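The lines below spell out each chain.
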Amino acid sequence: MLELLRSNDLVLMSFVEALLRDAGVETYVFDAGINAVEGGINAFPRRMMVRREDGDYARQTIRDAGYGHVLRVRS
């Protein structure tokens, strides 16, 4: 799995998820449970993940939509 972004912004996460779904990329949101339970203190951001083989295409799709600034830097 490849992490694309981390955020507490549910609107951003929903937008990117829809963008990638429309592009044919399956997304997985990690840490949604702890994020919802932690009471809104924003200590545990949600992580958007894709399969490693979809990573380059997903990153380019996000950049093409003008949201490249939200992408995690590759480690």
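Computed from a predicted model, the values in this text were never measured in an experiment.

Scoring rules and cut-offs
For every chain, the first residue of the written sequence is number 1, and numbering continues from 1 along that sequence. Per-residue local features are limited, in this predicted model, to residues with pLDDT of at least 70; the limit for side-chain atom pairs, both in listing and counting, is 80 or more; totals at the level of whole chains, interfaces and linings are taken over all residues. Heavy atoms throughout the structure, all of them, feed into the side-chain values; hydrogens and water do not. Paired rings are identified among Phe, Tyr and Trp, the last through its six-membered ring, by centres lying within 6.5 Å, and are further divided according to the angle between planes into stacked (under 30 degrees), edge-to-face (over 60) and tilted (the rest). A run of DSSP states H or I qualifies as a helix once it reaches four residues; a run of E qualifies as a strand once it reaches two. Both are numbered from the N-terminal end. Throughout, exposure labels follow a simple rule: accessible area from a 1.4 Å probe, protein chains only, divided by the maximum for the residue type, with under 20% read as buried, over 50% as exposed, and the rest as partly exposed. By definition here, a salt bridge exists when the distance from a side-chain nitrogen of Lys or Arg to a carboxyl oxygen of Asp or Glu is within 4 Å. Residue contacts follow a heavy-atom distance rule, with two residues in contact if any of their heavy atoms lie within 4.5 Å.

### Quick word on the packing of aromatic side chains
Counting across every chain of the model gives one aromatic pair. With centroids separated by 4.8 Å and ring planes inclined at 45°, the aromatic side chains of F15 and Y67 adopt a geometry described as tilted. One end of the pair, F15, is in helix α1 (residues 10-22); the other, Y67, is in the segment after α3 (55-64), with 52 residues separating them in the sequence. Looking at F15, the relative accessible area reads 34%, which means it is partly exposed. The exposure class of Y67 is partly exposed, given its relative accessible area of 29%.

### What to know about the pattern of salt bridges
Once their charged atoms are close, side chains differing in charge can pair, the charge on each being opposite to the other. Within the structure shown, the criterion is met by four salt bridges. Ionic pairing is found between E3 and R6, a salt bridge with its closest N-O pair at 2.5 Å. For E3, a relative accessible area of 18% translates into the label buried. For R6, a relative accessible area of 39% puts it in the partly exposed group. The closest approach of N and O atoms between R72 and E3, which form a salt bridge, is 3.3 Å. With R72 in the segment after α3 and E3 in strand β1 (residues 2-7), this residue pair connects regions lying 69 residues apart in the sequence. The class for R72 is partly exposed, based on a relative accessible area of 34%. One network of salt bridges, in which partners are shared, links E3, R6 and R72.

### Looking at the environment of F30
Among the structural elements, F30 can be located in strand β2 (residues 27-30). Apart from residues no more than four positions distant in its own chain, F30 is found in contact with M1, R46, R47 and M49.

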